[in-house]
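# Results of the structural survey
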Amino acid sequence: MDEREALAMLASELPGAGDDAAVIGDQVVTTDMLHETTDFPAGTTRYTAGWRAVGASLSDVAAMGARATAAVAAYGAPELDREEIEAFVAGASDVCEAVDAAYVGGDLDGHEEFTVATTALGDADDPVRRSGAQPGDAVCVTGTLGRSAAALELFDDGKPERANDLFRFEPRVAAGRALAPDATAMMDSSDGLARSLHQLAEASDCGVEIDGDAVPIDDAVAEVATDDAERREMGLFFGEDFELVVAIPEDRLDAAIERCPTPLSRVGTVTGAGVEIDGEPLPDRGFTHGKE
């Protein structure tokens, strides 16, 4: 099985699975695992790794419309180097501080490959799931897309300082909280916008039609993309940007845009069936752990 098949199998066995985080009473909890060979390109600092690994779990909390409270990480590496561990913890602590959460520790172990497993917790009286979108709802995304794709190219081009800066994204916890009262469905875009739309449509038993020109592409993409086709690829399919994809009733959209602390762009509309872009089928393609 690939990652998606394995997750689908587990979702069928575990009733609490299927959203960005599991709901336990008035709390949400999520966990992620990242590896050096698939998630941390050569040149990624341990500070950035700490920020990004913990940030990925905080993004799941954000997608539930929850208030992030705490995070932990299990850190494994071939050598437990003092400076690298201190840098990792500094990055993990700083990303938590950025969303008013606390980094409260974790575990250390020797491992043949640098690997991090993170868990984040949040509070949510009325969490937003993926399954509530209705035909006619506006489909929106926070921020911009393609940032991580651009970072990967910059790592390859020997520009690690700029690449590390792009890799340190801000988890959209504040935006998730602001959008939660109006959102009918929400998730993060870690698998890419295209795949996220397919996942949302499947969970809500609906369709989505998006306007390709409305997709907000990060300015950094222009630093590495050679043409419009590559720019579109990075924005739609690469993933790992950790923005929010949200469905909002049409009559509540203006208020949601005004209240959201992060730029919110309408990219399309929920329909009855099918996932399309500019009237054509949108491929169900995006980030798979260790693959693209």
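Residues numbered from 1 in each chain as written. Predicted model: local features only at pLDDT ≥ 70, side-chain atom pairs only at ≥ 80, totals over all residues. Heavy atoms only, no water.

Spatial strand order, β7-β9-β6-β10-β8-β11-β12: seven strands in an open sheet with mixed pairing. The outermost strands of the open sheet, each flanked by one partner alone, are β7 (185–188) and β12 (280–281). (Pairing = 2+ DSSP bridges. Helix = DSSP H or I, 4+ residues; strand = E, 2+ residues; numbered from the N terminus.)

Here the focus is the nonpolar core. Val54, Leu58, Phe88, Phe114, Leu179, Val246 and Ile248 are the most contacted members of the largest nonpolar core, which has 47 residues in total. Here this core takes eight residues from helix α3 (residues 46–63), the largest share from any one element. Among the domains, domain 1 (3–123) and domain 2 (138–291) are the pair contributing at least three residues each to this core. For Val246, the contacting residues outside a window of four places in its chain are Ala138, Val139, Cys140, Leu179, Ala183, Ala185, Met186 and Leu264. Leu154, Ala185, Leu197 and Val221 belong to the second largest nonpolar core, which has 39 residues in total. (Core = buried A, V, L, I, M, F, W, Y, C linked by side-chain atoms within 4.5 Å. Buried < 20%, exposed > 50% of the residue type's maximum accessible area, 1.4 Å probe, protein only. Domains from an automatic or database assignment. Contact = heavy atoms within 4.5 Å.)

A word on the sheet that holds strand β4 (residues 102–110). In spatial order, the strands read β1-β2-β5-β3-β4; together these five strands make up an open sheet with mixed pairing. Of all strands in the sheet, those bounded by a partner on one side alone are β1 (22–24) and β4. The sheet shows a mean angle of 20° between the axes of neighbouring strands, direction not considered. Where β1 meets strand β2 (residues 27–35), three bridges bridge the pair, whose relative direction is antiparallel. Paired with Ala22 across the strands is Val29, a residue of β2. Against the sheet, α3 touches β2, β3 (67–77), β4 and β5 (115–123), its axis set at about 40° to β5. Taken strand by strand, helix α4 (residues 82–98) contacts β3, β4 and β5, and its axis lies near 150° from that of β4. (Axes fitted to C-alpha atoms, helices over the stretch in contact; angles between N-to-C directions.)

Once that is clear, we can look at a negative patch on the surface. A cluster of acidic residues, Asp211, Asp213, Glu276, Asp278 and Glu280, forms a negative patch at the surface. Secondary-structure assignment places Glu280 in strand β12. (Patch = residues over 30% accessible without salt bridge, like charges linked within 9 Å, V, L, I, M, F, W, Y side chains within 5 Å. Areas by Shrake-Rupley, 256 points an atom, 1.4 Å probe, with all protein chains shown as cover. Salt bridge = Lys/Arg side-chain N within 4 Å of Asp/Glu carboxyl O. Lys, Arg positive; Asp, Glu negative; His and termini not counted. Charge placed at Lys NZ, Arg CZ, Asp CG, Glu CD.)

What follows is about the packing of helix α5 (residues 147–156) against helix α6 (residues 160–167). Relative to each other, α5 and α6 sit at 160°, their axes nearing to 8 Å. By the criterion of interaxial angle, the relationship of α5 to α6 is roughly antiparallel. α6 is crossed by α5, and the crossing has left-handed handedness. Only Pro160, Arg162, Ala163, Asn164, Asp165, Leu166 and Phe167 of α6 make contact with α5, whose side of the interface consists of Arg147, Ser148, Ala150, Ala151, Leu154 and Phe155. Its residues placed into classes, the contact of α5 with α6 shows eight nonpolar, two polar and three charged. (Parallel < 35°, antiparallel > 145°, perpendicular 65-115°, else oblique. Left-handed = near helix turned anticlockwise from the far one by under 90°. Nonpolar A, V, L, I, M, F, W, Y, C, P; charged D, E, K, R; others polar.)

This part takes up the domain arrangement of the protein chain. Looking at the assigned domains, one finds that the protein chain contains domain 1 (3–123) and domain 2 (138–291). Residue-level contacts link 32 residues of domain 1 with 26 residues of domain 2. Between domain 1 and domain 2, roughly 2,500 Å² of surface is buried when both sides are summed, and carbon and sulfur atoms account for 57% of that area. In this assembly, domain 1 and domain 2 are joined by one salt bridge. Between Arg52 and Glu240 there is a salt bridge whose closest N-O contact spans 3.9 Å. In this assembly, domain 1 and domain 2 are joined by ten residue pairs in polar contact (both at pLDDT 80 or more). Elements represented by at least two residues in the side of domain 1 that touches domain 2 include exactly α1 (3–13), β2, α2 (36–39), α3 and β3. (Buried area = accessible area lost by both parts, 1.4 Å probe. Polar contact = N/O pair within 3.5 Å; in protein donor to acceptor, adjacent residues only side chain to side chain.)

On any regular strand, side chains alternate: one points to one face of the sheet, the next to the other face. Here seven bridges tie β3 to β4, and the two strands are oriented parallel to one another. Directly across from Ala73, in β4, lies its bridge partner Gly106. In the classification by handedness, the crossover that spans β3, the intervening α4 and the parallel β4 is right-handed. (Right-handed = clockwise from strand over helix to strand, strands pointing away.)

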